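# Chain and residue survey
Here is what each chain is made of, one letter per residue.
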Amino acid sequence: MPLRYRPFLTGLILISTIAAGTPARADVIGVAAPLSGSSSLLGQQLRNGAEAAAKAMTDRPITLEVQDDLCTAEGGATAARHFVEMKADFVIGFLCTDAINAAMPFLSQAGIPVVTPGVRTNSLTDNREKTGWPIYRIAPRDDAEEQAVAGLLLPLWRDTLFAIVDDGTIYGRNLAESFRSAAEATGLKPTFVDTFRPQLENQIGLVGRLKRAGATHVFVGGDREDVAIMGRDAQQLDYDLTLAGGEALRAATVNTLPAVGTLMIAPPDWSTEATTETLLQLRTAGIEPEGYVMPGYAAVEIAAKAIADAAAKGKSARSILDTEDFSTAIGTIRFNEQGDLAANPYRLYRFDGSQFVGLDP
């Protein structure tokens, strides 16, 4: 070989050797969570779940960039700027509307998709066509509960005498009114409608009025304790009454247990829905699968798959999110054209005397 070619070939060999010895760049996933202030407990749950998921993935190296978004607009914007500077491939997190609304303009401009397990505000995805934000959420929308209450209860109560009562709070009244509107839209009219005073030691007066109206079923826009007291008072009056309520019934019991047969419409408790393998991994690491742990875990699983599939198929992560199913520790997740969950996660549960048990659809 002529000597004049040897330095050139030696250089090529050296470059190839260096390239072959250079480890592949890890996928960078930003994690935004309130890690200080009043919401820090929830933010730490999210962080724990995300870190556990990243540790469990061995196919592709993952680097998590964790930022405290402070649950504020300023904190969200600061976190977003950091993720852009770090050239994050993906961002998961945000539990507060102010933080994510301030962060999304920066992340959207950089083309970084976001999966949030916490923000339910309808406008976040309703305005997607206008904003162009690449936002996806595994949290249910604010109106998902109202839709589920009507969709699950009306077919069951079509041939019953049902009543609707609420505690006068914004949450309780909105839930009750949406159920009433949905019922009347299908030609069904409640036999009794009323607003009650919450947090009383008894609801004998209300229960007596329900009995006189002939109601056999009642939907309550209110909290768990009031629903439990109504059930107790109905039993004292020897009144066979089926009570139902929304997600608020999942709160811890203060004094009174709900009556056996009380119905609840709520999302799953992910600590009982997660795979055995995932639960074992978490508990071995000293992490209880409570609150946002499992949604944080699933969000990282989604991010990792979107990044990997995008690289393998020559597509953007956003196109993967728009079209593919994601198998996660909390089940299969698919997003609709707005970036919301394609399927409403709310389900119907029945109290068996000690806990709410899921019912088959």
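Everything in this summary refers to the structure shown in the same document. Since the structure is predicted, the reported quantities are computational estimates derived from the model, not experimental observations.

Calculation notes
Residues numbered from 1 in each chain as written. Predicted model: local features only at pLDDT ≥ 70, side-chain atom pairs only at ≥ 80, totals over all residues. Heavy atoms only, no water. Pairing = 2+ DSSP bridges. Helix = DSSP H or I, 4+ residues; strand = E, 2+ residues; numbered from the N terminus. Axes fitted to C-alpha atoms, helices over the stretch in contact; angles between N-to-C directions. Phe/Tyr/Trp six-rings, centres within 6.5 Å; stacked < 30°, edge-to-face > 60°. Lys NZ or Arg CZ within 6 Å of the ring centre and 35° of its normal. Contact = heavy atoms within 4.5 Å.

Across the sheet, which stays open at both edges, the five strands sit in the order β2-β1-β3-β4-β5 with parallel pairing between neighbours. Looking at strand neighbours, the two that pair on one side only are β2 (62-68) and β5 (135-137), the edges of this open sheet. Put simply, the sheet's adjacent strands are angled 25° from each other on average, direction ignored. Inspection of the sheet shows strand β1 (residues 27-33) paired to strand β3 (residues 90-93) by four bridges, in the parallel sense.

This paragraph deals with the packing of aromatic side chains. Overall, the coordinates contain seven aromatic pairs when judged by the stated rule. Ring pairing ties together the aromatic residues W157, F162, F179 and F219, which thus form one cluster. Residue placement shows R81 over the ring face of F106; its charged tip is 5.3 Å from the ring centre. Sitting over the ring of Y349, R250 keeps its end group 5.2 Å from the ring centre.

What follows concerns the sheet that holds strand β8 (residues 217-221). Spatially, seven strands are ordered β7-β6-β8-β9-β10-β13-β14 in an open sheet, and the strand pairing comes out mixed. Lying at the two open borders of the sheet, with one neighbouring strand each, are β7 (192-195) and β14 (356-358). Between one strand axis and the next, the sheet turns by 25° as a mean value, whatever way the strands run. The strands touched by helix α9 (residues 204-213) within the sheet are β6 (162-166), β7 and β8, with β7 carrying the most contacts at an inclination of about 165°.

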